[in-house]
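Residues per chain, in single letters:
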Amino acid sequence: MTFDDLGLMAELLGAVSAQGYTCPTPIQRQGIPAILEGRDVLAGAQTGTGKTAAFALPMLQRLSTRPRAHGQRGSAPPRALVLTPTRELAAQVGESFVTYGAGLALRSAVIFGGVGINPQIDVLRRGVDILVATPGRLLDHARQRNVDLSAVEMLVLDEADRMLDMGFIHDIRKVLALLPPRRQNLLFSATYSDDIKRLADGLLHAPAVIEVAPRNTAAETVTQHAYRVDKKAKRDLLIHLIDDGQWQQVLVFTRTKHGANRLAEQLERAGIGAAAIHGNKSQNARTRALAGFKDGSVRVLVATDIAARGLDIDRLPHVVNYELPNVPEDYVHRIGRTGRAGQGGAALSLVDAEEAGLLRDIERLLKRPIQVLPFPVFEPRVLTPEPDTRPVRQGRSDNARKHAERPNGNRPRKTGGTTASVPHKRRRRGPKPAAAKPRAE
Ligand code: AMP
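Residues numbered from 1 in each chain as written. Predicted model: local features only at pLDDT ≥ 70, side-chain atom pairs only at ≥ 80, totals over all residues. Heavy atoms only, no water.

Caption draft 1: How the structure looks around helix 10 (residues 234-244). Burial within helix 10 is extensive, with nine of its 11 residues counted as buried. Along helix 10, the residues that are buried comprise K234, R235, D236, L237, L238, I239, H240, L241 and I242. On its buried face, helix 10 is in contact with strand 8 (222-228), strand 9 (250-253), helix 11 (257-269), strand 11 (300-303), strand 12 (318-321) and strand 13 (345-351). Directly beyond the C-terminal end of helix 10, a positive phi value near 50° is found at Q246. (Buried < 20%, exposed > 50% of the residue type's maximum accessible area, 1.4 Å probe, protein only. Helix = DSSP H or I, 4+ residues; strand = E, 2+ residues; numbered from the N terminus. Contact = heavy atoms within 4.5 Å.)

Laid out in structure tokens, this is it:
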């Protein structure tokens, strides 16, 4: 099947072929005709399946072939609304509408928090057809009467499960209350929790149900392996793997924002270009880090789960779980960043003794074991000194216990003159992260 068979108009077919897409992905094959017909859709699809084009293309077509129902002129209110959990996903979805809609006279806008509100007010005043937004900032605009949602004909909840995980359900309900009752609703979610079912039941009318990847299964094109490694040796192992494999682009997941910062800084000190991306970073810093990662100037992007959600990086070859997520479903989302749209990718997990139970939970979810690779022999890299020369705390009382927990033989051997990279160097640590589960951003 080709895109020509899906009933798309010439302008959209041109945009699709300009992107180099030859065959529609499964979600596109099933989703595009249903959406073109005007049906509600419930789609179980992860990022990386081509889901954005699956809703953006038919939405653009419906909006450009049907006149505005209300005949508004001037500051035309949006006719389509896409809600996303994160700023990054909003920006990416917004870009997709611009790319695919290049040959059409439709206006789209992206609004999210963390950046100035005034430029967004200007854009809304000028009028838009398609509005892509995160829920919180959208409600801010609605409260200030900067946006009128009464003309919305099409609604998309993108990564709805993520929005619920992040506590957006109340915001979503408030947004729904501002929409007209008659509209087309599209709900995309990688997983189906009871909360998602409840949301879908209240929102969708006789939806076309599309399930492209079996629930909670990892992309088949991704190879998955693990190393059993002492917590303190993870950094040296990661540096070795990046060096030895000559990895040029790797996304590394940590559980906390603090951990992401610290690891990015240590990689930099090992001479590996790295940046951290998480919710405490300004929008500009996040955009800069992502741009550097995409253009190759940043080799390693260290991210928390929430910051990484929905990141669309073409042909991302390596994903590393520096720490396993507390929730096994997050593992599936993480490794979904690699092996995109049918390409191969590799996912590696660095598992310490405390994480053995988390690994088992993940294997139970995947319904298959993750092969543990033999620990490589290598010399730890010498890091350049830390710029911050904080006082050394003497006699950590828990050192002896921690050493005793170390799995046999997993610690890289200490070699003469490499004290800076020796895993159990005594140094004052940063504040202990308050919560293992990342906060909603
Ligand atoms: P998404 O699931 O929307 O995040 O899309 C994942 C990636 O697949 C994006 O980089 C798209 O550009 C790419 N993509 C979408 N549709 C196709 C297609 N039909 N053929 C090849 N790549 C695609």
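Caption draft 2: View of the confidence of the model for the protein chain. Confidence in the prediction of the protein chain, expressed as mean pLDDT, is 83, and 81% of residues score 70 or more. With pLDDT under 50 throughout, residues 394-441 is counted as low confidence; its partners more than four residues away or in other chains account for 86 contacts. (pLDDT = per-residue confidence, 0-100.)

Caption draft 3: The pattern of salt bridges, seen in detail. Evaluation of the coordinates by the stated rule reveals 19 salt bridges. Across the pair E354 and K231 runs a salt bridge whose closest N-O atoms are separated by 2.9 Å. Taken together, the residues E354 in the loop between strand 13 and helix 15 (356-366) and K231 in the loop between strand 8 and helix 10 connect sequence positions 123 residues apart. For E354, a relative accessible area of 56% gives the class exposed. Assessed through its relative accessible area of 41%, K231 is described here as partly exposed. Between D243 and R381 there is a salt bridge; the shortest N-O distance is 2.2 Å. Of this pair, D243 sits in helix 10 while R381 is found in the loop between strand 14 (371-372) and helix 16 (399-404), placing the two residues 138 residues apart along the sequence. Overall, the relative accessible area of 31% leaves D243 in the partly exposed class. Using a relative accessible area of 28% as the deciding quantity, one classes R381 as partly exposed. Each of K51, D158 and E159 takes part in salt bridges that share partners, so that together they form one network. (Salt bridge = Lys/Arg side-chain N within 4 Å of Asp/Glu carboxyl O.)

Caption draft 4: Geometry of the packing of helix 2 (residues 26-36) against helix 3 (residues 51-65). Relative to each other, helix 2 and helix 3 sit at 25°, their axes nearing to 9 Å. It follows from the interaxial angle that helix 2 and helix 3 lie roughly parallel. Two packed elements cross with a definite hand, and for helix 2 against helix 3 that hand is right-handed. Residues I27, Q28, G31, I32, I35 and L36 of helix 2 pack against K51, A53, A54, F55, L57, P58, Q61 and R62 of helix 3. Grouping the amino acids of the contact of helix 2 with helix 3 by side-chain chemistry returns nine nonpolar, three polar and two charged. (Axes fitted to C-alpha atoms, helices over the stretch in contact; angles between N-to-C directions. Parallel < 35°, antiparallel > 145°, perpendicular 65-115°, else oblique. Left-handed = near helix turned anticlockwise from the far one by under 90°. Nonpolar A, V, L, I, M, F, W, Y, C, P; charged D, E, K, R; others polar.)

Caption draft 5: Quick peek at the sheet that holds strand 3 (residues 108-111). The seven strands lie next to each other as 3-4-2-5-6-1-7, forming an open sheet whose pairing is parallel. In this open sheet, the two edge strands, each paired with only one partner strand, are strand 3 and strand 7 (208-211). The mean inter-strand angle of the sheet, taken between neighbouring strand axes irrespective of direction, is 10°. Here strand 1 (residues 41-44) pairs with strand 6 (residues 184-189) via four bridges, running parallel. Its bridge partner lying in strand 6, V41 is registered against L186. (Pairing = 2+ DSSP bridges.)

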